Amino acid sequence: MERILGRTEQIQGNEPKPLTFSPGRVLLIRVNRMLGDGTAEVSAGGHRFIAGVQTGLKAGESYWVETKQNGDGIGLSVLTGRPQRDGGQILDALLSHYALNREGPVRELIGEALRLNVPITKTMIDFAKAMGNRLNPEILLRMERQHLPFTDRIYRSLEAGGKQGSFLTGIEGLKNELMAAGSTSEAEKLMKNVQAPLETLGGGKVADRALWILADDAKPFPLRLAALDLLKELGVLPDNSRMGQWKEELVKTMLKSFPDAAAAEEGLTKLGAGMKEDGAASMRRLSAPPSSEELTSFARRVIDAIITAKKDLISSVHSPIEVRTAAGQLEGRDGTNKDSLHSQLRSIVLEELREVIHGRDISQLLKKAVSSLGLNYESDPLVDSAKRQLIQLSQSHPSAAIRERADEIVLKMNHPSLMSQDQSGFLTIVHQIPLYHTAGQTDMTIQWSGKKTDDGQIDSSHCRVMFYLHLGNLDETIVDLQIQQRVLQIVVWNEHPGLKDLALEFLPALKKGVEENGYTFSSILFKIPESRPGPGTVTDQHPAGHKGVDIRI
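Residues numbered from 1 in each chain as written. Predicted model: local features only at pLDDT ≥ 70, side-chain atom pairs only at ≥ 80, totals over all residues. Heavy atoms only, no water.

1. Some points on the overall build of the chain
- The helix and strand inventory of the chain stands at 19 helices and 13 strands.
- For the chain, restricting intrachain contacts to residue pairs at least 6 apart in sequence, the fraction spanning at least 24 positions comes to 56%. (Helix = DSSP H or I, 4+ residues; strand = E, 2+ residues; numbered from the N terminus. Contact = heavy atoms within 4.5 Å.)

2. Focus on helix H10 (residues 246-257)
- Under the 1.5 Å per step criterion, the end-to-end length of H10 is 17 Å for 12 residues, consistent within 8% with the ideal 16 Å.
- When H10 is considered as a whole, its buried residues turn out to be Trp-246, Lys-247, Glu-249, Leu-250, Val-251, Thr-253 and Met-254.
- If you follow the buried residues of H10, they end up packed against helix H8 (184-215), helix H9 (221-233), helix H11 (261-272) and helix H13 (292-308). (Expected span 1.5 Å × (residues − 1). Buried < 20%, exposed > 50% of the residue type's maximum accessible area, 1.4 Å probe, protein only.)

3. A few points about the packing of H10 against H13
- Between H10 and H13, whose axes approach to 10 Å, the crossing angle comes to 110°. Regarding the angle of H10 to H13, the classification is roughly perpendicular. Along this stretch, H10 crosses H13, giving a crossing that reads as right-handed. Along its contact with H10, which presents Trp-246, Lys-247, Glu-248, Leu-250, Val-251 and Leu-255, the element H13 presents Leu-295, Thr-296, Ala-299, Arg-300, Ile-303, Asp-304 and Ile-307. (Axes fitted to C-alpha atoms, helices over the stretch in contact; angles between N-to-C directions. Parallel < 35°, antiparallel > 145°, perpendicular 65-115°, else oblique. Left-handed = near helix turned anticlockwise from the far one by under 90°.)

4. A short note on the nonpolar core
- Counting residues in each nonpolar core, the largest one holds 51 residues, and the members touching the most others are Leu-174, Leu-190, Leu-373, Leu-390, Ile-433 and Ile-490.
- By residue number, the principal contributor to this core is H8, which donates 6 residues.
- When neighbours within four sequence positions are excluded, Ile-490 is seen to be in contact with Val-479, Asp-480, Leu-481, Leu-510, Phe-521, Ser-523, Ile-524 and Leu-525.
- Membership of the second largest hydrophobic core comes to 36 residues, among which are Trp-246, Phe-258, Val-302 and Ile-321. (Core = buried A, V, L, I, M, F, W, Y, C linked by side-chain atoms within 4.5 Å.)

5. Digging into the packing of H11 against H13
- Relative orientation of the contacting elements H11 and H13 amounts to 25°, with a least axis distance of 10 Å. With respect to H13, the element H11 is oriented roughly parallel. Pair H11 / H13 crosses with left-handed handedness. Residues Ala-261, Ala-264, Glu-265, Leu-268, Thr-269, Leu-271 and Gly-272 of H11 pack against Leu-295, Phe-298, Ala-299, Val-302 and Ile-306 of H13.

6. Observations concerning H13
- Compared with an ideal rise of 1.5 Å per residue, which puts 17 residues at 24 Å, H13 spans 24 Å between its outermost C-alpha atoms and is within 8% of the ideal.
- Regarding H13, the residues found buried are Leu-295, Phe-298, Ala-299, Val-302, Ile-303, Ala-305, Ile-306 and Ile-307.
- Positive backbone phi, approximately 55°, marks Lys-310, located one or two places after H13.

7. Re the pattern of salt bridges
- A complete count under the given rule lists 19 salt bridges for this structure.
- A salt bridge links Glu-41 to Arg-48, with the shortest nitrogen-to-oxygen separation between them at 3.1 Å.
- Overall, the relative accessible area of 13% leaves Glu-41 in the buried class.
- Notably, a salt bridge pairs Arg-153 with Asp-407, separated by 2.6 Å at the nearest N-O pair. Of this pair, Arg-153 sits in helix H6 (residues 152-162) while Asp-407 sits in helix H17 (residues 400-419); the two residues are 254 residues apart in sequence, bridging distant segments of the chain. (Salt bridge = Lys/Arg side-chain N within 4 Å of Asp/Glu carboxyl O.)

8. Regarding the side chain of Arg-224
- Here Arg-224 lies in helix H9.
- Within the structure, the side chain of Arg-224 is placed 2.9 Å from the backbone oxygen of Leu-214, a separation counted as a polar contact.
- Arg-224 has contacts with Ile-213, Leu-214, Asp-216, Asp-217, Lys-219, Met-243 and Trp-246, leaving out every residue within four places of it along the chain. (Polar contact = N/O pair within 3.5 Å; in protein donor to acceptor, adjacent residues only side chain to side chain.)

9. Some details on unusual backbone geometry
- Unlike most non-glycine residues, Lys-310 shows phi in positive territory, near 55°.
- Summarising the element assignment, Lys-310 is placed in the loop between H13 and helix H14 (341-355).
- Phi angles above zero are rare outside glycine, and Arg-486 is one such case at about 60°.
- Mapped onto the secondary structure, Arg-486 falls in the loop between strand E10 (475-484) and strand E11 (487-493).

Below, the structure is given as structure tokens:
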């Protein structure tokens, strides 16, 4: 995660952070002009403001000052001027000011804060002293820059986010420890939550293939009967369904999946869109609100059209039907008969998905992963998720090693949330998702930046989205999507110079997909970073020079 943040900071450059004041805060200011009556216009952290100052300061000079309350305004007490070459004088003055030792991590913290022009507070110093030799100055400076409270839990989350090893490594390690400790049910539950998105996608695709077989009268009857049994096993059809009335049962399942008639009307219209029969036109002939008979009739027509066209119904992004996946992946174990139609279909479908992974499939995986992992657990702690289980394990499992490992994963899961910010209507949202997919597994990091709309929603017309991926053959890759007025420009950062040639054949499909979602595709630019940053630091970085090739459509 720290490498990701370091790389994205390098790409994006630095933007001024909000400047806050509290008594005892130490920061570097520049005097723009003296106004008289003990006031001056000064600059700090990219911001200008008026403050009360002592006499004798010179316009154009820089000073380290301590903030104080000055009546109704801001007062600044000069600690020392800023030497032109050696920062030792300032460091000595601040160490004396705070009565700190001349050696040790706290001294290093003060030195780094001075070098990077990061404000210093008494709260920061007290927390650093309490940390002792455990202190990592970089983490504390990041906490100050992100305006995070100085608490042990937040410090440890930032520390966990910077450690080597992915979510997937930690989860797999915890699973192995749970199994070794005899907590097999806990291990299975953990992996089910983590792998649920892939299992749901695979189960839906399997169900669609079974549905096509069941609806094809030309198929052998035993094969159609096996498909019926498979759909019952997956929960798509009730257990008492018979061959002669399976379609009626499917209609019932579909309609029960919607919360009310209005949702059913909208959902069926979306499912019917693009079929030979105009679903929207059919709906206009219904009463408002539509009766159950009208909805049943329309649902059957939509299902018939989808099956005839061999379009996905169960795995469709619009479909509310959930499937039960009987095939477990724990330790590579398959819970079904190897010779069953379920196993055969599942193997075929997953092999197809490995060859062609559609954007809609990945979209479904990501949406379901956010829910099943519990990345929004704090807003809805009653929903069963991997994070909820991890917190329970960290608090109550009899093994201290398992409690510690589970808590370490929770801390790592909290790290992206700490990097997210909401400042004056401008949002930065970071998600890191351990993702099992048909081509393998990876940790995916998504960073979204933009303003909120008037109703508090994210604005998808003006934003920037960055995806950080670690791919099997292409290694580290950042995809930077910049959207203005729903016009999309893409920059791909990767160290392989041949990536552009590999990507050319996918550009027509990319353009089509972008336009189908209501955006205009502008261009794609492939860039090669000239230097590879180490683990993220809190230095004031500026965009470096890059070389790249532009493809315009």
